[in-house]
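Descriptive analysis of the structure
Each chain is listed here by its residues.
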Amino acid sequence: MTTTSTTAVQSNVWSGAPTSGLEQGLIFLAIVALPTENHFLFIPGFSLQFILFGIIAVYVAWNRFPELLRTVGHPALIAAYLFLTVGFLLEWTHAHHSYDELLRVAQMVIGAILLATLCRDIPALRMACFGYLAAGLWLSILLFLTSYGALNAATATDFQQASQLRAAAFEDNPLQANLNNMAFGAAQASVIALSWGLVTRATLPRGFFTASGLICLVGAFLPLSRSGVAIAIASCATVMYAFGLRHGKGILIAVLLVGAVLMWVPQAVWSRMSFTFEKHEGKTEGRALVYGAAIDHFPEYFLTGVGAGNFWTHWGRRTEFASDSGRVSGAHNCFMQVTLYWGILGLMTFLLIFWQTYRCLPRHSNREAAALALVGIGVSIMLFSMVSHNIYAKEFTLALGLLVGAHRWIWPQGIVYPSFGIVHRTPHYRIS
């Protein structure tokens, strides 16, 4: 094998023009603005991120059209096109059909294509990672300033009390966003900081990234989100595993992270870290209720689904997915939600997207912080899909775009399967 620098690629692979400062700035802004997407509506009905991606679309069409054409044929994107085609065809066959969900997924895919077109080299990918870190860091600091005191001063002995405390603590929060998504944003930032803290050798930068990782990791606990906590712990553990547990520096950082969590996370947070199908005071937990409904009605939707429009209206309202007020709740799991919409065929094409995206992960990821962070992003978004039913979330746009861009432009040769330790070896290229 021939070893090259991290910014070089195999000579017979066209890598496109190097990213400019403007392109890196657009990538950074598109990611750092994610937590505020519903707060700065300069144009009524359009989020800040939508406007940013509109600007990116104009720029790419005018300046990077050859790179755009090169990007749209990536296997992960082809899998997404197949999923959309299957979804549209199956939705058409159902009563009360609605294409809103699929149109939003199409927008998500277009956003991923635009981001992948911009992310063509290591500096661009690093800027994207810094965008994740900046977003999670300011979000975690906001959580500390607005909720830490109330959570630390209160006590809760069970899930119900902790949930009530959660509602009271965040009632007047200046950022009225989904608490689970807030925890997820902090969790992803902790993964980025951990990746740089592990790989960086200089003392001062390593100290900064380690401190940032501690703040973001604790910040992931403050919204009292079970999914956010689980994703933070699992993603950080995966990054540690990918880096190599034999390194003394890695063990030290792991000890610091665990110690910070045990010392700084308020006691009330732990009281909400439970899940049960049993009733409490005559009520079943919301997540347990929809999981149970998905199991009970499995024969009705397994083959072809019930359709997205039908699920949110007529079919959903006559099942346990509907509350007493008639409001229909999603399945809190993307794979289950897709199966509810379009059955086993929809699920298979949806899984194909994840498989092709998984193949985008760079190998030898412990040698470059951005590559190690990309592994953490990939794991976190996979876990996120298991606890959210929003199949068109902006979080998917960013992860898919970065993974496709990294595989198309930065590391087109060779992949790693970190969960199984299986490496597919191809000649001529590796990260140095």
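For the structure itself, look to the data block above.
I will try to describe carefully the structure that is included in this document. The model shown is predicted, which means the values in this text are computed figures rather than measured ones. (Residues numbered from 1 in each chain as written. Predicted model: local features only at pLDDT ≥ 70, side-chain atom pairs only at ≥ 80, totals over all residues. Heavy atoms only, no water.)

Structural notes on the overall build of the protein
- Within the protein, the secondary structure is distributed over 19 helices and 4 strands.
- Partitioning the intrachain contacts of the protein with sequence separation of at least 6 by distance along the chain shows that 78% fall at a separation of at least 24.
- Total accessible area on the protein stands at roughly 18,800 Å², and carbon and sulfur atoms take up 65% of it. (Helix = DSSP H or I, 4+ residues; strand = E, 2+ residues; numbered from the N terminus. Contact = heavy atoms within 4.5 Å. Areas by Shrake-Rupley, 256 points an atom, 1.4 Å probe, with all protein chains shown as cover.)

Digging into the pattern of salt bridges
- A complete count under the given rule lists 4 salt bridges for this structure.
- In this structure, the salt-bridge partner of R64 is E23, at a minimum N-O distance of 2.6 Å. Of this pair, R64 sits in the loop between helix 2 (48-63) and helix 3 (65-71) while E23 is found in helix 1 (residues 21-32), placing the two residues 41 residues apart along the sequence.
- Note on R64: relative accessible area 15%, which makes it buried. (Salt bridge = Lys/Arg side-chain N within 4 Å of Asp/Glu carboxyl O. Buried < 20%, exposed > 50% of the residue type's maximum accessible area, 1.4 Å probe, protein only.)

Re helix 2
- For helix 2, spanning 16 residues, the distance from its first C-alpha to its last is 22 Å, which sits close to the expected 22 Å at 1.5 Å a residue.
- All of the buried residues in helix 2 are L48, Q49, L52, F53, I56, Y59 and V60. Taken down its axis, helix 2 places every buried residue within 125° of arc, on the same side. For helix 2, the exposed residues lying more than 90 degrees away from the buried face are V58 and W62.
- Those residues of helix 2 that are buried lie in contact with helix 1, helix 3, helix 5 (100-118) and helix 19 (394-410). (Expected span 1.5 Å × (residues − 1). Arc of directions from axis to C-beta.)

Some thoughts on the environment of T397
- Tracing the backbone shows T397 in helix 19.
- Apart from residues lying up to four places away in sequence, T397 is in contact with F53, M108, G111, A112 and L115.

Things to note about unusual backbone geometry
- At L224, a position not held by glycine, the phi torsion is positive, near 55°.
- Within the fold, L224 resides in the loop between helix 9 (203-221) and helix 10 (226-243).
- Note on L224: relative accessible area 0%, which makes it buried.
- The backbone of H332 sits at a positive phi, close to 60°, despite the residue not being glycine.
- Inspection of the secondary structure assignment puts H332 in the loop between helix 16 (314-317) and helix 17 (334-358).
- The exposure class assigned to H332 is partly exposed, which follows from its relative accessible area of 21%.

Overview of helix 6 (residues 122-153)
- Taking 1.5 Å per residue as the helical rise, helix 6 with its 32 residues ought to reach 46 Å, and the 45 Å between its terminal C-alpha atoms agrees with that figure.
- Along its length, helix 6 shows its largest kink, about 55°, at S147.
- Two or three places before A124, at the start of helix 6, stands the capping residue D121, its side-chain oxygen 3.1 Å from that residue's backbone nitrogen. (Bend = angle between axes of the 7 residues up to and from the residue. Polar contact = N/O pair within 3.5 Å; in protein donor to acceptor, adjacent residues only side chain to side chain.)

Description of the packing of helix 18 (residues 369-385) against helix 19
- Direction vectors running N to C along helix 18 and helix 19 enclose 145°, while the axes themselves pass 10 Å from each other. Helix 18 and helix 19 meet at a crossing whose hand is left-handed. Contact residues: helix 18 offers L374, I377, G378, I381, F384 and S385, while helix 19 offers E395, F396, A399, L402, L403 and A406.
- A per-class count over the contact of helix 18 with helix 19 returns 9 nonpolar, 2 polar and 1 charged. (Axes fitted to C-alpha atoms, helices over the stretch in contact; angles between N-to-C directions. Left-handed = near helix turned anticlockwise from the far one by under 90°. Nonpolar A, V, L, I, M, F, W, Y, C, P; charged D, E, K, R; others polar.)

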